Amino acid sequence: MSTRRIELTMHRPRLALYAGIRPTLVIGGRGQPTQWGDGTWQVPADRHTTIGVYLYNRMWRFGQAELVLDPEDTSALEYRAPVLPFLRGRLIHRPL
């Protein structure tokens, strides 16, 4: 299986009603804890891949966002966390 790297930037709001929470990235059904900021991740290059992000505060998940990457997609991704701990996040394509 061939792979490729994607760039993902995780943004948290300047003023959020939660503290000390880090995002979890889900690639193809496997969750991985991450940090805020820029990162690169390895994904399959020959098939569609589902990318998801959520936040977890020991009681519930929030800030969920999901996106399906096409094999020929070369844009970077950007996740924007919500301000309130019961809203959804945004995962969008960002031009390179």
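Residues numbered from 1 in each chain as written. Predicted model: local features only at pLDDT ≥ 70, side-chain atom pairs only at ≥ 80, totals over all residues. Heavy atoms only, no water.

Student: Would you mind showing me how to read the pairing of strand β3 (residues 30–33) here?
Tutor: Consecutive residues of a regular strand have side chains that alternate between opposite faces of the sheet. As paired elements, strand β2 (residues 23–27) and β3 share four bridges and run antiparallel to each other. Paired with Leu-25 across the strands is Gln-32, a residue of β3. (Pairing = 2+ DSSP bridges. Helix = DSSP H or I, 4+ residues; strand = E, 2+ residues; numbered from the N terminus.)

Student: Whenever I open this one, the side chain of Thr-34 confuses me. Can you help?
Tutor: Among the structural elements, Thr-34 can be located in the loop between β3 and β4 (37–44). Among the residues examined, Thr-34 registers a relative accessible area of 7% and is labelled buried. Those residues within four positions of Thr-34 in sequence are excluded, and the remaining contacts are Met-10, Arg-22, Pro-23, Thr-24, Leu-25 and Trp-41. (Buried < 20%, exposed > 50% of the residue type's maximum accessible area, 1.4 Å probe, protein only. Contact = heavy atoms within 4.5 Å.)

Student: Help me out: how do you make sense of the sheet that holds β2 in this one?
Tutor: Strands pair in a sheet through their backbones, by hydrogen bonds, and they do so in one of two ways: parallel or antiparallel. Reading across the sheet, the four strands line up as β3-β2-β5-β6 and stay open at both edges, with antiparallel pairing between neighbours. In this open sheet, the two strands that pair with only one neighbour each are β3 and β6 (61–69). Here the average twist between neighbouring strands, direction ignored, is 20°. Two elements, β2 and strand β5 (residues 49–56), share five bridges in a ladder whose sense is antiparallel. Of the residues in β5, the one forming a bridge with Val-26 is Gly-52. (Axes fitted to C-alpha atoms, helices over the stretch in contact; angles between N-to-C directions.)

Student: In this structure, what is going on with the pattern of salt bridges? I would like to understand it.
Tutor: For side chains of opposite charge, pairing can occur when their charged atoms come near one another. What the rule picks out here adds up to three salt bridges. One salt bridge in this structure joins Arg-80 and Glu-78, with 2.8 Å as the shortest N-O distance. For Arg-80, a relative accessible area of 33% translates into the label partly exposed. With a relative accessible area of 9%, Glu-78 lands in the buried category. Note that Arg-94 is salt-bridged to Glu-78, the shortest N-O span being 3.8 Å. Taken together, the residues span a long stretch of sequence, with Arg-94 in strand β8 (residues 90–94) and Glu-78 in strand β7 (residues 76–80) at a distance of 16 residues. Given a relative accessible area of 22%, Arg-94 falls into the partly exposed group. (Salt bridge = Lys/Arg side-chain N within 4 Å of Asp/Glu carboxyl O.)

Student: How do you make sense of the sheet that holds strand β1 (residues 3–11) when you look at a structure like this?
Tutor: Strands sit in the order β4-β1-β7-β8 across an open sheet of four strands; the sheet is mixed. Looking at the sheet topology across the chains shown, the edges are occupied by β4 and β8. For this sheet, the mean inter-axis angle between neighbouring strands, taken without regard to orientation, is 30°. Pairing of β7 with β8 involves five bridges; the strand directions are antiparallel. Across the sheet, the residue bridging to Leu-77 is His-93, located in β8.

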